Amino acid sequence: MEKIVALCKRRGFIFQNSEIYGGQNGFWDYGPLGTELKRNVRDSWYHDMVAAHNELVAPESAPSKYQMVGVETSLIMHPQVWKCSGHYDLFHDMMVDCRETKSRFRLDQIRCRTVRFEGETVKQDGTEATLDRVMVTSTAEDFEQDLTDQALKAFGKKKKYADRLQWEGDVSTLDKVDVEQFANVVAPGATKAGTLTAPREFNLMMKTIIGALGTDDDAAFLRPETAQGIFVNFKNVVDSSRVKLPFGICQVGKSFRNEITPRNFTFRSREFEQMEIEFFCRPDESAGWYKYWRDRRYQWYLDLGVSQDRLILRDHHAEELAHYSVGTADIEYAFPFLDEGEFGELEGVAHRGDFDLRSHMEGKLARNADGDLAVELNDDGKPKHRGSGKDLTYFDDQAKERFLPHVIEPSAGADRATLAFICEAYHEDQQPDEKGKMQERVVMQFHPRLAPVKAAVFPLIKKEGMPEKAAEVFGALKAAGLSCQYDQQGAIGRRYRRQDEIGTPYCITIDGDTMQDDTVTIRDRDSLEQTRISVQDVVAEVTGRLGSV
Ligand code: GAP
């Protein structure tokens, strides 16, 4: 992962945000190549899901034909939206602070394990008492080693005594530990036990103020998901665009979450981009559509070059399901910053039932004592959060029925997908240079649709008319709308390696023969095969090769 992060900075894929001021944790900037790459990810998604979708023909695995349309809604919405969606009451993480190190942690991200060291005790914070067993904690990736180091430190022992530590139980996470036991807990990086505060809820929505008065009444939230912009416009879209069930409304855009511990490069950021589909269907057809989208979205990553052994489709257990969800599956990728066998979420595909439309119509829903979803009431019998009161039902003019559609939601992260494509693309191999000597090569094997630069053009030498001819070829490729680079610096092998490192699929070289017979070589990044083609065929050849993948 360190090599990938270094390459991203060195070649201008991803930079730390506000780096010259020391950076802003949880925010990232995309450089010139990262911008092209992420745009290709977004464009591929929109093209494959919406623009190229043929609403007249049912895809083979789909229950029927369907329509797809897009919307672009604002980052800030009416505060009532978040009350009805559940984000106001429920969108929080539990966090704890350490009084000793002044650090803040997400409770479920602290690993912990109880330990003793025969006859030795550990000081407790703020009391005279000592403890003969403590719970040590870690937020490090290599948490097992970190727990051992912390245990030795807590008991004041040198490394050589590690095998005399007496561990009790398995490694767990602190959210599973009773708060009564916190007096025994040595916080990550702390030296004494009992320095953690009691856990507190922390709402992840980012607050902002609208207007000049700046009172609390003017508080609003930056959207934590793009989905709600779709739900509140459901009626507008139905009334204005003549869509008929089943159909999907899609949106690509920024979302914001005040993550307590942003981490793992862009994987968990505070500002990120989502690519969401809310697919509306008849309730009695929703199970079939759930299966369709779950499989369709998994296949999308495979089609763009993610290998099957690093990508899983994982169904949620009942206790993992969000409050509204009837079923959810995650598409997860084996990111290199995770332990062997662990996967990180790229996308969730959720069956949301009619939760969102009904909440926005009637008031926020919650499960009642019988386990059914019903409008949540205050003690006075009034809705806890009132809905819009607008009729959001759909009239099916074939079945002559009025009902609330059910929703299947494939919700993907554009930054996480981009990071997965970067991790997947990274390869190291050895290739001979001009003198036949083997050289290390880093090659980003991006799928050609995603590659930030599609072709590079090189004049072999800077004279004999080659730069002029190369500029002509470069101009023709640019005029065809292809992202290209022109490079006349250094030995040709070095130029190839520079392009391999950013994943350019095709390199075109103008050489002595070009000046004789108007042909160039085109070299393939992965097969390394070089073919001679005529100058006038270059654009068609490159677009043809790109179009055939
Ligand atoms: N509307 C449903 C929804 O927002 P989610 O699982 O919370 O569901 C969907 O988010 C996707 O958005 C995730 O699978 C992930 O790809 C992306 N995402 C969520 N939080 C993120 C974060 N803090 N940083 C980067 N991407 C994030």
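Since this is a predicted model, take the numbers as computed values, not measurements.

Rules and cut-offs
Residues numbered from 1 in each chain as written. Predicted model: local features only at pLDDT ≥ 70, side-chain atom pairs only at ≥ 80, totals over all residues. Heavy atoms only, no water. Pairing = 2+ DSSP bridges. Helix = DSSP H or I, 4+ residues; strand = E, 2+ residues; numbered from the N terminus. Axes fitted to C-alpha atoms, helices over the stretch in contact; angles between N-to-C directions. Domains from an automatic or database assignment. Core = buried A, V, L, I, M, F, W, Y, C linked by side-chain atoms within 4.5 Å. Buried < 20%, exposed > 50% of the residue type's maximum accessible area, 1.4 Å probe, protein only. Contact = heavy atoms within 4.5 Å. Near = heavy atom within 4 Å. Polar contact = N/O pair within 3.5 Å; in protein donor to acceptor, adjacent residues only side chain to side chain. Areas by Shrake-Rupley, 256 points an atom, 1.4 Å probe, with all protein chains shown as cover. Salt bridge = Lys/Arg side-chain N within 4 Å of Asp/Glu carboxyl O. Lys, Arg positive; Asp, Glu negative; His and termini not counted.

## Here's the deal with the sheet that holds strand β5 (residues 104-106)
And step 1. Here we have 3 strands laid out as an open sheet, ordered β5-β4-β12, and antiparallel in their pairing. Edge positions in the sheet fall to β5 and β12 (200-203), since each has one partner strand and no second. Mean inter-strand twist for the sheet, computed between neighbouring axes without regard to direction, equals 45°.
And step 2. As judged from the 4 bridges shared by strand β4 (residues 92-97) and β12, these two strands associate in the antiparallel manner. Across the sheet, the residue bridging to methionine 94 is glutamate 201, located in β12.

## Examining the domain arrangement of the chain
And step 1. Domain assignment breaks the chain into domain 1 (30-91 + 205-420), domain 2 (93-202) and domain 3 (453-547).
And step 2. Taken over C-alpha atoms, the centre of domain 2 sits 59 Å from the centre of domain 3.

## Some details on the nonpolar core
And step 1. If you look at the biggest cluster of nonpolar residues, it comprises 57 residues, and the most contacted ones within it are Trp293 and Tyr301.
And step 2. At the level of secondary structure, the elements contributing two or more residues to this core comprise α1 (2-10), α2 (32-51), β16 (271-281), α8 (286-303), β18 (327-333), β19 (344-353), β24 (406-413) and α10 (414-425).
And step 3. The contact partners of tyrosine 301, leaving out residues within four places of it in the chain, are Val306, Leu311, Ile331, Leu346, Glu347, Ala412, Ala417 and Phe421.
And step 4. Grouped together as the second largest cluster of nonpolar side chains are 29 residues, Cys98, Leu107, Val115 and Leu165 included.

## So, the site of the ligand
And step 1. Glu225, Arg257, Ser269, Glu276 and Glu345 are the nearest of the 20 residues found near the ligand.
And step 2. One of the side-chain nitrogen or oxygen atoms of arginine 257 is found 2.8 Å away from an oxygen atom of the ligand.
And step 3. Taking 560 Å² as the accessible area of the ligand by itself, protein coverage stands at 90%.
And step 4. Of all the elements in the fold, those that place two or more residues in the shell around the ligand are β16, β19 and β24.
And step 5. For the shell around the ligand, the element with the most residues is β19, which contributes 5 residues.

## Focus on unusual backbone geometry
And step 1. For the bond running from leucine 245 to proline 246, omega is -5°, close enough to zero to count as cis.
And step 2. A positive phi is found at leucine 528, a non-glycine position, where the angle reads about 65°.
And step 3. Residue class for leucine 528 comes out partly exposed when judged on its relative accessible area of 27%.

## Comments concerning helix α9 (residues 355-362)
And step 1. With 6 of its 8 residues buried, α9 lies for the most part within the structure.
And step 2. Considered for burial, the residues of α9 that qualify are Phe355, Asp356, Leu357, Ser359, His360 and Met361.
And step 3. In the segment just after α9, glycine 363 is the residue with positive phi, at about 130°.

## Comments concerning the environment of glutamate 468
And step 1. Turning to its location among the elements, glutamate 468 is positioned in helix α11 (residues 466-479).
And step 2. What makes glutamate 468 exposed here is its relative accessible area of 54%.
And step 3. Between the C-alpha atoms of glutamate 468 and isoleucine 510, which are 42 residues apart in sequence, the distance is 9.8 Å.

## Quick word on the pattern of salt bridges
And step 1. Summed over all chains, the structure comprises 56 salt bridges.
And step 2. Taking the shortest distance from any N to any O, the salt bridge between glutamate 428 and lysine 3 comes out at 2.8 Å. On the criterion of sequence distance, the pair formed by glutamate 428 in strand β25 (residues 426-432) and lysine 3 in helix α1 is long-range, its members being 425 residues apart.
And step 3. On the basis of relative accessible area, glutamate 428 is assigned to the partly exposed category, the value being 40%.
And step 4. Notably, a salt bridge pairs glutamate 401 with arginine 282, separated by 3.1 Å at the nearest N-O pair.

## Structural notes on the side chain of arginine 223
And step 1. Take arginine 223: it is sitting in the loop between β14 (219-222) and α6 (227-231).
And step 2. Although arginine 223 is buried, it makes no salt bridge; glutamate 276 carries the closest opposite charge, 7.4 Å away.
And step 3. A distance of 3.4 Å separates a polar atom in the side chain of arginine 223 from the backbone oxygen of serine 74.
And step 4. With residues up to four places along the chain from it excluded, the contact list for arginine 223 reads Thr73, Ser74, Leu75, Trp82, Gln251, Gly253, Lys254, Ser255 and Phe256.

## A look at the pairing of β25
And step 1. Sheet analysis places β25 next to strand β26 (residues 438-444), joined by 7 bridges and oriented antiparallel. Bridge pairing links tyrosine 426 to methionine 444 in β26.
And step 2. Where β25 folds back onto β26 in an antiparallel hairpin, the turn is made up of 5 residues, including glycine 436, whose phi is positive at roughly 85°.

## Observations regarding the side chain of glutamate 332
And step 1. Relative to the elements of secondary structure, glutamate 332 occurs in strand β18.
And step 2. Under the relative-accessibility criterion, glutamate 332 is labelled buried at 7%.
And step 3. Within the local environment of glutamate 332, its side chain forms a polar contact with the side chain of arginine 314, the two groups lying 3.0 Å apart.
And step 4. When sequence neighbours within four positions are dropped, the list of residues in contact with glutamate 332 reads Arg310, Leu311, Ile312, Arg314, Phe343, Gly344, Glu345 and Leu346.

## A short note on the sheet that holds strand β29 (residues 506-510)
And step 1. With mixed pairing, 5 strands are arranged side by side in an open sheet as β28-β27-β29-β30-β31. Single-partner strands in this sheet number two, and they are β28 (484-486) and β31 (530-534). For this sheet, the mean inter-axis angle between neighbouring strands, taken without regard to orientation, is 25°.
And step 2. Here strand β27 (residues 455-459) runs beside β28; their pairing, made up of 3 bridges, is parallel. Along β28, the bridge assignment pairs alanine 456 with glutamine 485.
And step 3. Its contacts with the sheet place α11 against β27, β28 and β29, and it is angled at close to 165° to β27.

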